[in-house]
Amino acid sequence: MRTTLRISRAAAVFTAVGALALTGCSDDGGKDKPDKSSGNGKGSPSSVVLPKLDGEKLSVAAVWTGAEQANFVKVLKEFENRTGAKVTFVPAQDPIVNFLGTKIAGGQPPDVAMIPQVGAIQQAAQKKWAKPVGPEAKAQLAKNYSKVWQDLGAVDGTQYGVYFKAANKSLIWYNTKAFENAGAAEPKTWKDFLKTAETVSASGVTPVSVGGADGWTLTDWFENIYLSQAGPEKYDQLAQHKIKWTDPSVKDALTTLAQLFGKPSLIAGGADGALQTEFPASVTQTFTGGDQPKAAMVFEGDFVGVNIAQTKSKIGTDAKVFPFPAVGAESPVVTGGDAAVALKDGKGAQALLTWLASADAAKIMAEQGGFISPNKTLDASAYPNEVQRTMAQALISAGDSVRFDMSDQAPQSFGGTPGKGEWKTLQDFLKNPKDIAGTQAKLESDAAKAYKS
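For the structure given in this document, a descriptive report is provided here. Model, not experiment: these values are computed from the prediction.

1. A short note on the pattern of salt bridges
Now for step 1: Scanning the model with the defined rule gives 15 salt bridges in all.
Now for step 2: The closest approach of N and O atoms between Lys-77 and Glu-80, which form a salt bridge, is 3.7 Å. In this pair, Lys-77 and Glu-80 are both assigned in helix α2 (residues 66-83), three residues apart and thus about one turn of the helix distant.
Now for step 3: In the salt-bridge network here, residues are joined through shared partners; they are Glu-78, Arg-82 and Asp-360.

As structure tokens, this is what we get:
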């Protein structure tokens, strides 16, 4: 059984996020609970005890690149400082299960891998690659995480994963200057979103940037529409392939998505341009170009902040955000995450899992921006601005009442492989959004094979 997540109480919180300006890190939230502090301030005590690992060499594999990789390396450096171990970051490729399989077959698996799909954690456990989480890391999980985040890293009752990073994947980021010039306002419904897009288009700026070269962005478009329109029960059924992709609810969601994808003038570069645009470029082209950016809006998660930081735009002033518009009764909120999984036995790998489950480790990454931690004991003041802080607090306040990214729950061959399965079929759909029946048939064919149903 794949556990699923959905934030149910966060939408109202995000309504105000777009109006929040960039602020410092002065937040009183959590300061009345020093025992749960992440060690904010140089004089604060550590929240975790780690063993001495002088001379031990460890490796950590992740698909993160650029600023995200650099920020994570800072977390690993502090682990080195506290333990005496030497940690090497190993760049991985999608699909990470294939990458890890090659390393394991060659006798050189990394000590720890950051795995971004629930289905991939299950595969690693089933292949007996993953090592169970030790007692010290389990203690950190019990202290710092809601049950749902612990369950996500477990397979058949055994804990394998430590979720270090979470994401709210239901946000539309927009260029405030482009909106102001067009006289556009933040939309709350899908119908209003399309009207806003037309308003921005009439001002001379293409409204929407789509990173279609990365198929996972397209699965996120579909999932948000499907969750809002079909509801959480149907979402769970489709995620577990208990209903087929030929179900009428899938047709309805694709029909809704085609209202955007079927109008090339609303998408930067049209379908062909979007299919050549990778996710980082889809963000940067929205927040560069002065009065004439290549697009006014880009859809994706809180991690968009990392890419905005590569431009001159400032979050809260030049770049603001609103919740994914409601297609049904309410706005959807889908979340994802990356879990640390040990692939080697040993004191070092388990110590690293313990470290990544701590508030101290989360604090280092949070301070860099473009990151949300599922660690409920992390002091919210660690986040660098009010936008980031609000998104993080909404995630934590949702507790166990959440839904996880659907494609990340699927077998990786269907939901997480470039050029295959859902990624490829939705890229084809972006190119030809009129072929809804054909898209459904192909999705079901690929899903049936992947789920072996």
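Next comes the rest of the write-up.
2. Re the side chain of Thr-83
Now for step 1: With respect to the element layout, Thr-83 can be found in helix α2.
Now for step 2: With relative accessibility at 1%, the residue Thr-83 sits in the buried group.
Now for step 3: Excluding residues that lie within four positions of it along the chain, Thr-83 makes contacts with Leu-50, Pro-51, Lys-52, Leu-53 and Asp-54.

3. Points about the sheet that holds strand β10 (residues 319-323)
Now for step 1: Pairing is mixed in the open sheet, where four strands are placed in the order β8-β9-β7-β10. The sheet is open, and its two borders are formed by β8 (208-209) and β10, each paired with just one other strand.
Now for step 2: One ladder, built from three bridges, connects strand β7 (residues 171-175) with strand β9 (residues 297-299); its direction is antiparallel. Note on β9: the bridge partner recorded for Ile-172 is Phe-299.

4. Section: the side chain of Thr-217
Now for step 1: Along the polypeptide, Thr-217 turns up in helix α9 (residues 215-230).
Now for step 2: Given a relative accessible area of 3%, Thr-217 falls into the buried group.
Now for step 3: Contacts of Thr-217, omitting those with residues within four sequence positions, involve Gly-211, Gly-212, Phe-279, Phe-299 and Glu-300.

5. So, helix α11 (residues 248-261)
Now for step 1: Here α11 spans 19 Å end to end across 14 residues, near enough to the 20 Å set by a 1.5 Å rise per residue.
Now for step 2: Listing the buried residues of α11 in full gives Ser-249, Val-250, Ala-253, Leu-254, Thr-256, Leu-257, Ala-258, Leu-260 and Phe-261.
Now for step 3: The inward-facing, buried residues of α11 abut α8 (190-202), β8, α9, α10 (232-239), α20 (421-431) and α21 (436-451).

6. Digging into the sheet that holds strand β6 (residues 161-168)
Strands in a sheet are paired, the pairing made by backbone hydrogen bonds, and the direction either parallel or antiparallel.
Now for step 1: Strand order in the open sheet formed by five strands is β2-β1-β3-β11-β6, and the pairing between neighbours is mixed. In this open sheet, the two strands that pair with only one neighbour each are β2 (86-91) and β6. Averaged over neighbouring strand pairs, the angle between their axes works out to 20° when direction is ignored.
Now for step 2: When strand β1 (residues 57-62) meets strand β3 (residues 112-115), the two strands line up parallel, connected through two bridges. Paired with Val-60 across the bridge in β3 is Val-112.

7. Points about α21
Now for step 1: With 16 residues, α21 extends 22 Å between its outermost C-alpha atoms, agreeing within 8% with the 22 Å of an ideal straight helix rising 1.5 Å per residue.
Now for step 2: For α21, the set of buried residues is Ile-436, Thr-439, Gln-440, Leu-443, Glu-444, Asp-446, Ala-447, Ala-450 and Tyr-451.
Now for step 3: Lining the buried residues of α21 we find α10, α11, α19 (412-415) and α20.
Now for step 4: Where α21 starts, the residue carrying a side-chain oxygen 3.0 Å from the main-chain nitrogen of Gly-438 turns out to be Asp-435.

8. Topic: unusual backbone geometry
Now for step 1: Between Asp-94 and Pro-95 the backbone carries a cis peptide bond, its omega angle lying at -5°.
Now for step 2: Along the chain, Pro-95 turns up in the loop between β2 and α3 (96-105).
Now for step 3: The phi torsion at Lys-128 lies on the positive side, around 65°, for a residue other than glycine.
Now for step 4: Following the sequence through the fold, Lys-128 ends up in the loop between α4 (118-126) and α5 (135-144).
Now for step 5: Here His-241, not a glycine, exhibits a phi torsion of approximately 60°, which is positive.

9. Quick notes on the pairing of β10
Regular strands show a simple pattern: their side chains alternate between the two faces of the sheet.
Now for step 1: Burial runs high along β10: four of the five residues are buried.
Now for step 2: Pairing geometry for β7 and β10, over five bridges, is antiparallel. Looking at β10, one finds that Asn-175 is bridged to Ala-319.

Rules behind the numbers
- Residues numbered from 1 in each chain as written.
- Predicted model: local features only at pLDDT ≥ 70, side-chain atom pairs only at ≥ 80, totals over all residues.
- Heavy atoms only, no water.
- Salt bridge = Lys/Arg side-chain N within 4 Å of Asp/Glu carboxyl O.
- Helix = DSSP H or I, 4+ residues; strand = E, 2+ residues; numbered from the N terminus.
- Buried < 20%, exposed > 50% of the residue type's maximum accessible area, 1.4 Å probe, protein only.
- Contact = heavy atoms within 4.5 Å.
- Pairing = 2+ DSSP bridges.
- Expected span 1.5 Å × (residues − 1).
- Axes fitted to C-alpha atoms, helices over the stretch in contact; angles between N-to-C directions.
- Polar contact = N/O pair within 3.5 Å; in protein donor to acceptor, adjacent residues only side chain to side chain.

So yeah, pure geometry; function would need other evidence.
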